[in-house]
Amino acid sequence: MPIVRAMLDWLHLGNRVTLRFRVHPRIALEALPLIEKLLADTPDGETYRCAIAFWCHAVRPPLVVYRGDTSTCRIDGPLQAAARTYFPLGGLIETPGVTAHLTPFEANALDLRLREAIELVIRAWTAEHELYDLPPADPHLDRRTADREALVLIAHWAAQHRREGADHA
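It should be emphasised that the depicted structure is a prediction, and the values quoted were computed from it without experimental measurement.

Participant: Which parts of the structure should I look at to understand the nonpolar core?
Facilitator: Generally speaking, a soluble globular protein has its nonpolar side chains buried in company with each other. Residues Tyr66, Cys73, Ile75, Leu102 and Ala107 constitute the largest nonpolar core, which totals five residues. Ignoring anything within four residues of it in the chain, the contact list for Leu102 reads Gly90, Gly91, Leu92, Ile93, Ala107 and Leu110.

Here it is in C-alpha cells:
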C-alpha cells in the first residue's frame, strides 16, 4: 500500500513535484521555454498540453497532424534525406471506418496535397475578407490587451445568441 499512497499523495492537487533533467546545453536552451509553457498551471499551460496530447499516442514523433471534424491524418517523422528530397517515415489516416498506415511516399504526397489545400483556403479567405488591402500587422501583440478585446467580442457574441435563442423560444 505505500506505493498507492505515494501515488495518491503525488496526484493530490495541492502538491508540487520537482523535475530534474540532464540534457545537453543546446537542447536545454531550446527546450526550457517550451517545458515552462507546458508546465504552467494556467489555461495557457492546459492548452499547450492539449495541443500535443496526441504525441503520447504516436509511436513515431509526429511532424504534423491534420484534423477534420471526424478524420485525422498524421505525418510521422523524423524526416529522412533521400537525394535532394526529404521524406517522412510514414503516416496514419483515421477516418470513420478506416485506419490506414501510409508509406513514406504516400505520406509525403498526402502532406503536399494537404498543405496545398490549406494554402488555397488561406489565400481565398484573405481575398474574401479584403485583407490584402490592409497594412501588414505586427505578428507580435500585447497579450493582455488582445485577450481582453477577444473576450469582449466573445461575450457580445454569446449575449447576442442568447437573445436570439430567447426570441425563438
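Participant: Got a minute to help me understand the pattern of salt bridges in this structure?
Facilitator: Pairs can form between side chains of opposite charge once their charged atoms are near each other. For the structure shown, the criterion picks out six salt bridges. Arg16 is the salt-bridge partner of Asp41, the closest N and O atoms lying 3.5 Å from each other. Placement of the pair is Asp41 in the loop between helix 2 (25-39) and helix 3 (43-51) and Arg16 in the loop between helix 1 (2-11) and helix 2, with a sequence separation of 25 residues. You can call Asp41 exposed: its relative accessible area is 63%. One connected set of salt bridges, linked through shared partners, spans Asp44, Arg143 and Asp147.

Participant: How should I be thinking about a nonpolar patch on the surface in this particular structure?
Facilitator: A cluster of nonpolar side chains, namely Val17, Leu19, Phe21, Val23, Ile27 and Leu39, defines an oily patch on the protein surface of about 570 Å² accessible area. When you line up the elements, Val23 lands in the loop between helix 1 and helix 2. Relative accessible area serves as the criterion here: at 44%, Val23 is assigned to the partly exposed category.

Participant: Explanation requested: the sheet that holds strand 6 (residues 98-102) in the structure shown.
Facilitator: Strand pairing in a sheet relies on backbone hydrogen bonds. The paired strands run either parallel or antiparallel. The four strands lie next to each other as 1-2-5-6, forming an open sheet whose pairing is antiparallel. In the strand order of this sheet, the two ends are held by strand 1 (62-67) and strand 6, each with one partner. The sheet shows a mean angle of 10° between the axes of neighbouring strands, taken without regard to direction. Where strand 2 (residues 72-76) lies against strand 5 (residues 90-95), five bridges are found, and the strand directions are antiparallel. Paired with Asp76 across the two strands is Gly90, which belongs to strand 5.

Participant: Would you take a moment to explain the packing of helix 2 against helix 3 for this structure?
Facilitator: Geometrically, a packed helix pair is captured by the angle between its two axes and the distance between the axes. One way to put it is that helix 2 packs onto helix 3 with a least axis distance of 6 Å and a crossing angle of 110°. On the basis of the axis angle, helix 2 is roughly perpendicular to helix 3. Of the residues in helix 3, those in contact with Lys37, Leu38 and Leu39 of helix 2 are Gly45, Tyr48 and Arg49. For the contact of helix 2 with helix 3, the class distribution of residues is three nonpolar, one polar and two charged.

The rules behind each value
Residues numbered from 1 in each chain as written. Predicted model: local features only at pLDDT ≥ 70, side-chain atom pairs only at ≥ 80, totals over all residues. Heavy atoms only, no water. Core = buried A, V, L, I, M, F, W, Y, C linked by side-chain atoms within 4.5 Å. Buried < 20%, exposed > 50% of the residue type's maximum accessible area, 1.4 Å probe, protein only. Contact = heavy atoms within 4.5 Å. Salt bridge = Lys/Arg side-chain N within 4 Å of Asp/Glu carboxyl O. Helix = DSSP H or I, 4+ residues; strand = E, 2+ residues; numbered from the N terminus. Patch = residues over 30% accessible without salt bridge, like charges linked within 9 Å, V, L, I, M, F, W, Y side chains within 5 Å. Areas by Shrake-Rupley, 256 points an atom, 1.4 Å probe, with all protein chains shown as cover. Pairing = 2+ DSSP bridges. Axes fitted to C-alpha atoms, helices over the stretch in contact; angles between N-to-C directions. Parallel < 35°, antiparallel > 145°, perpendicular 65-115°, else oblique. Nonpolar A, V, L, I, M, F, W, Y, C, P; charged D, E, K, R; others polar.

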